[in-house]
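Residues per chain, in single letters:
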Amino acid sequence: MNNMNQPRTLAIDIGGSGIKAALLDHDGSMIGDRQRVPTPPKPVAPEVLVGAINEVATPLGDFERVSVGFPGYVRDGRVLTAPNLGNAVLAGFDLQSALARRWGKPVRVLNDADVQGFGAITGQGVEMVLTLGTGAGTAIFRDGEIMPHLELAHHPVSGNKTYDEYIGNAAREKKGRKAWSKRVAKVIEILRVVVRFDPNTEGLTGGIKLWREKPGPAIAADPPPGASDQTSATPT
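Let me begin by describing the structure that accompanies this report.

About the criteria used
Residues numbered from 1 in each chain as written. Predicted model: local features only at pLDDT ≥ 70, side-chain atom pairs only at ≥ 80, totals over all residues. Heavy atoms only, no water. Helix = DSSP H or I, 4+ residues; strand = E, 2+ residues; numbered from the N terminus. Buried < 20%, exposed > 50% of the residue type's maximum accessible area, 1.4 Å probe, protein only. Areas by Shrake-Rupley, 256 points an atom, 1.4 Å probe, with all protein chains shown as cover. Contact = heavy atoms within 4.5 Å. Salt bridge = Lys/Arg side-chain N within 4 Å of Asp/Glu carboxyl O. Pairing = 2+ DSSP bridges.

Quick look at the overall build of the chain
- Check the secondary structure of the chain and you find eight helices and 13 strands.
- Per-residue burial for the chain yields a buried fraction of 49% across its 236 residues.
- Per element, the accessible surface of the chain, about 11,400 Å² overall, is 51% carbon and sulfur.

Overview of the environment of N84
- One can find N84 in the loop between β6 (78-79) and α2 (87-90).
- For the pair N84 and G135, spaced 51 residues apart in sequence, the C-alpha to C-alpha distance is 8.2 Å.
- Contact partners of N84, with chain neighbours within four places excluded, come to G16, K42 and T134.

Looking at the pattern of salt bridges
- Under the counting rule described, the total for this entry stands at three salt bridges.
- For K20, the salt bridge identified is with D13, shortest N-O distance 3.4 Å.
- Residue K20 is classed as buried on the basis of its relative accessible area, which comes to 18%.
- One salt bridge in this structure joins R192 and E189, with 3.3 Å as the shortest N-O distance. A residue pair is termed a helical-turn pair when its members lie 3 or 4 positions apart in one helix, as R192 and E189 do in helix α7 (residues 177-195) at three residues.
- The partly exposed category is assigned to R192, whose relative accessible area is 27%.

Re the pairing of strand β7 (residues 107-111)
- Of all five residues in β7, five are buried, a share of seventy percent or more.
- Here five bridges tie strand β4 (residues 65-70) to β7, and the two strands are oriented parallel to one another. Note on β7: the bridge partner recorded for V68 is V109.

Right, dumping it as structure tokens:
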């Protein structure tokens, strides 16, 4: 078993098309190769999601704690919205507690943009992270502290189009990279006016920082029965 002063963190990134996982050392560097499995077809039932997460994590070996980025609104580890996975089946699901029971390890679950944001910020001033993948995500930080999450991705940004529809992957494939890049630049300028964020640069991998910055209460893990893991654009 690892020295407890140097715990391994299992970092999970749940996306609309794939679930990725990697082990991180104390400094946030990846240990070995990352793993990936396809995201189950929508709607993804809670037990199916937990099974897929366990599948992608199994080849990685031992870990002492877990960080999870989820593509939706999460509060205290509980899913409130899951637009790309299925609101009807996942809304209200306590993913954090379910994984803690499954592995018998402490788990922290946040919105995926919030987790990626921890890997991009400098920890100084007001910083905003815009993530781009199946949809769009945002996270706001002040002096390294995560601010209440805003689901701007579901807010209209151009006509009736939401951020997801305007700059998500489907829009990139339909409009082409050049036109899509102009849309992204437009969105960043809108967010600059709304949030008035300060310039920032990319930093360390985010999964490890969930355990340094203490963004929310950790869930004490229950022992398992029978026993005694997108692209990000940082506005500047």
